[in-house]
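Spelled out from the first residue to the last, the chains are:
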Amino acid sequence: MKTKDWIAEDKGLDKTLSLMREGYLFIKNRTDKFQCNMVATHLMGEKVICMSGEEAAKLFYEPERFQRKSAAPKRVQKTLLGENAIQSMDGDAHIHRKHLFLSLLTPPDRKRLTEFVIKEMEAAIRRWEVRKSIVLFDEGNEILCKAVCLWAGIPLRKSEIRKRAEDFSLMVDAFGAVGLRYWKGKMARSRAEEWIKKIIEDVRSGKLKAEKDTALYNIAFFKEPDGCRLNTQMAAIELINVLRPVVAISTYITFAALALHDHPEYKEKLLSGGTENLEMFAQEVRRFYPFGPFLGARVKKEFQLNDYTFEKGMLVLLDMYGTNHDPMIWDNPNGFCPERFRDWKGSLFDFIPQGGGDPTVTHRCPGEGITVDILIAVINFLVSKIEYNVPKQDLSFSLSKMPTLPESGFIMSNIKRKGYLN
């Protein structure tokens, strides 16, 4: 592990505009420039420590040093996360709330949700066969939205699937956005919360029956440590925090399709290599392609590290993209190589596409297993269930845009079910 006994200073004016221009590479550009894993700079009018690498991730997840309260900007809470939700909680209150999410995402729950997704993917083939082309990202959003609502016990009319899926997608798209993209995400958040609040109210009043093993039931009747239920607004926010991340897996699905297109040599390996090859490919998609750019925390109490003072309240950003492309962790980090995961014995802090640490006690995404399960299943679907053409299109993606995606959304044409080809 590359280490330095100092923290570099990125001197000069506030770097917020640079962050918007450089996107996913903002922190990596600075740690590469100064050849250290921590760089002090200024963003949004305050001093910020940017960190990257395995040791930085270990530090970032020390609960006695860092907290999540006030780390996420209000603009991000008002679009992506929801205000004052689990991502901004700390200590015992966070662990209590986290156990709710973990209880909804056990291996049997993950298996059931994945089965819903594949059922919807297979049902979509008939629609796709009669269309000239589809945009995989858009189709994935709708399929995942329908599947996760069925799994969660949320009533969803056929006529509203597209609207709800689009709202979840707009919330994610607003993460690093300004202007119209941001306001679209904020309005989408408001619509989704009002929709889910009404469902929560109907379940609690008995107007709508919810099965006891569903996310809807468990969140509607979840109790805080003081024995009180979540208020309706917070219950809606946390239920959205189950639904939205599943719909966001469409981004990984789109990048997986791009990887299959750019690396066709893997198709035969995936067809004949069983689950191991599929999992290696899925993990490399998560490592190689951009998803979350960085995570934020604030210094809980002042401490010293290598003669540098981390002041109480200081914002610290952990570089997810840079850590997943760190040459001190990964051989040929900018190459796509699923085989690197064959005998991978990594730690909880060197591969962090959805955060680091132990998901039962840290802020690592509790739905990471769901992401992997669904991605494996959909990759298998793409190589073994259908055949399709990839027409000429713009498949480039910008690392300046957060979040990012292939420009075309990955267009597929002439889709046919395997086994029923003319």
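Residues numbered from 1 in each chain as written. Predicted model: local features only at pLDDT ≥ 70, side-chain atom pairs only at ≥ 80, totals over all residues. Heavy atoms only, no water.

Draft legend 1. Quick peek at the nonpolar core. Counting residues in each nonpolar core, the largest one holds 88 residues, and the members touching the most others are Ile154, Ile196 and Val285. Among the elements that make up this core, the one with the highest residue count is helix 11 (residues 232-262) (19 residues). For isoleucine 154, the residues in contact, after removing those within four places along its chain, are Cys149, Trp195, Ile196, Ile199, Leu216, Leu239 and Leu243. (Core = buried A, V, L, I, M, F, W, Y, C linked by side-chain atoms within 4.5 Å. Buried < 20%, exposed > 50% of the residue type's maximum accessible area, 1.4 Å probe, protein only. Helix = DSSP H or I, 4+ residues; strand = E, 2+ residues; numbered from the N terminus. Contact = heavy atoms within 4.5 Å.)

Draft legend 2. Geometry of helix 6 (residues 107-129). With 23 residues, helix 6 extends 33 Å from end C-alpha to end C-alpha; this agrees with the ideal 33 Å at 1.5 Å per step. Turning to helix 6, its buried residues number three or more, namely Asp109, Leu113, Thr114, Val117, Ile118, Glu120, Met121, Ala124, Ile125 and Trp128. (Expected span 1.5 Å × (residues − 1).)

Draft legend 3. Representation of the sheet that holds strand 2 (residues 38-43) within the structure. If you trace the six strands from one edge of the open sheet to the other, you get 1-2-3-9-6-4, paired in mixed fashion. The open sheet has two edge strands with one neighbour each: strand 1 (8-9) and strand 4 (66-67). The pairing of strand 3 (residues 46-51) with strand 9 (residues 315-319) spans four bridges and is classified as parallel. By the bridge assignment, valine 48 is partnered in strand 9 with leucine 315. Helix-sheet contacts for helix 2 (residues 26-34) involve strand 1, strand 2, strand 3, strand 6 (294-299) and strand 9, and the interaxial angle to strand 2 is about 130 degrees. (Pairing = 2+ DSSP bridges. Axes fitted to C-alpha atoms, helices over the stretch in contact; angles between N-to-C directions.)

Draft legend 4. Region of the structure containing a nonpolar patch on the surface. A grouping of Leu17, Met20 and Val178 is seen on the molecular surface, where their side chains present a nonpolar patch of about 290 Å² in accessible area. Within the secondary structure layout, methionine 20 lies in helix 1 (residues 16-22). You can call methionine 20 partly exposed: its relative accessible area is 40%. (Patch = residues over 30% accessible without salt bridge, like charges linked within 9 Å, V, L, I, M, F, W, Y side chains within 5 Å. Areas by Shrake-Rupley, 256 points an atom, 1.4 Å probe, with all protein chains shown as cover. Salt bridge = Lys/Arg side-chain N within 4 Å of Asp/Glu carboxyl O.)

Draft legend 5. Local environment of the packing of helix 8 (residues 161-173) against helix 9 (residues 180-205). Their axes nearest at 8 Å, the elements helix 8 and helix 9 cross at an angle of 130 degrees. When the axis of helix 8 is compared with that of helix 9, the two are oblique. When you trace helix 8 past helix 9, the crossing you get is left-handed. In this structure, helix 8 contributes Arg164, Asp167, Phe168, Leu170, Met171 and Asp173 to the contact, and helix 9 contributes Arg181, Lys184, Gly185, Ala188, Arg189, Arg191, Ala192 and Trp195. Looking at the contact of helix 8 with helix 9 residue by residue, the class counts come to six nonpolar, one polar and seven charged. (Parallel < 35°, antiparallel > 145°, perpendicular 65-115°, else oblique. Left-handed = near helix turned anticlockwise from the far one by under 90°. Nonpolar A, V, L, I, M, F, W, Y, C, P; charged D, E, K, R; others polar.)

Draft legend 6. Focus on the sheet that holds strand 5 (residues 133-135). Spatial ordering of the open sheet is given by 5-11-10, a layout of three strands whose pairing is antiparallel. Since the sheet does not close on itself, it has two edges, and those belong to strand 5 and strand 10 (386-389), each with one partner. Strand-to-strand, the axes of this sheet are offset by a mean angle of 50 degrees, without reference to chain direction. Helix-sheet contacts for helix 7 (residues 136-152) involve strand 5 and strand 11 (411-417), and the interaxial angle to strand 5 is about 65 degrees.

Draft legend 7. Fine view of the environment of aspartate 226. Along the chain, the position of aspartate 226 falls in the loop between helix 10 (215-220) and helix 11. Polar side-chain contacts of aspartate 226 include one of 2.9 Å to the backbone nitrogen of cysteine 228. (Polar contact = N/O pair within 3.5 Å; in protein donor to acceptor, adjacent residues only side chain to side chain.)

Draft legend 8. Inspection of the side chain of glutamate 139 at higher detail. For glutamate 139, the location among the structural elements is in helix 7. Residue glutamate 139 is classed as buried on the basis of its relative accessible area of 8%. Contacts of glutamate 139, omitting those with residues within four sequence positions, involve Arg127, Trp128, Arg131 and Ile134.

Draft legend 9. Broad picture of helix 7. Helix length check: helix 7 (17 residues) gives 24 Å between terminal C-alpha atoms against 24 Å at 1.5 Å per residue, within 8%. Most of helix 7 is tucked away, with 13 of its 17 residues classed as buried.

Draft legend 10. Empty space enclosed by the protein, seen in detail. For the structure on display, the rule yields two cavities of 30 Å³ or more. Space inside the largest cavity adds up to approximately 50 Å³. Surrounding the largest cavity, Arg286, Arg287, Tyr289, Pro290, Phe291, Gly292, Met320, Tyr321, Asn324, His325, Ile352 and Pro353 form its lining. At the level of secondary structure, the elements contributing two or more residues to the lining of the largest cavity comprise helix 13 (274-288) and helix 14 (320-323). Residues that form the lining of the largest cavity fall into these classes: seven nonpolar, three polar and two charged. Along the walls of the second largest cavity sit Ala72, Gln77, Leu81, Gly82, Asn84, Ala85, Gln87 and Ser88, which together make up its complete lining. Taken together, the residues of the lining of the second largest cavity sort by class into three nonpolar, five polar and no charged. (1 Å grid on protein atoms, 1.4 Å probe; cavity = no way out; pocket = protein on both sides within 12 Å on 5 of 7 lines; lining within 4 Å. Points joined across faces, edges and corners; volume = space filled by probe spheres on them.)

Draft legend 11. Here's a closer look at the pattern of salt bridges. Scanning all chains against the criterion turns up 31 salt bridges. The salt bridge partner of aspartate 202 is lysine 198, with a shortest N-O separation of 2.9 Å. Placement of the pair is aspartate 202 and lysine 198 together in helix 9, with a separation of four residues, close to one helical turn. Look at aspartate 202 and you get buried, because its relative accessible area is 15%. Several salt bridges converge on common partners, so that one network encompasses Asp10, Glu22 and Arg30.

Draft legend 12. Spatial organisation of the packing of aromatic side chains. A complete count under the given rule lists 29 aromatic pairs for this structure. Judged by centre distance (6.3 Å) and plane angle (55 degrees), the rings of phenylalanine 175 and phenylalanine 294 are tilted. With phenylalanine 175 in the loop between helix 8 and helix 9 and phenylalanine 294 in strand 6, the pair connects residues that are 119 residues apart, well separated along the chain. Owing to a relative accessible area of 16%, phenylalanine 294 belongs among the buried residues under this scheme. Ring centres of tyrosine 308 and phenylalanine 310 lie 5.7 Å apart, and the angle between their planes is 80 degrees; this geometry places the pair in the edge-to-face category. Each member of the pair tyrosine 308 and phenylalanine 310 is classed as buried. An aromatic cluster is defined as three or more aromatic residues linked by ring pairs; in this entry it consists of Phe60, Tyr61, Phe66, Phe303, Tyr308, Phe310 and Phe349. A cation over an aromatic ring shows up here: arginine 65 above the ring of phenylalanine 303, its NZ or CZ 4.4 Å from the ring centre. One cation-aromatic arrangement involves arginine 75 over tyrosine 182; the distance from NZ or CZ to the ring centre is 4.0 Å. (Phe/Tyr/Trp six-rings, centres within 6.5 Å; stacked < 30°, edge-to-face > 60°. Lys NZ or Arg CZ within 6 Å of the ring centre and 35° of its normal.)

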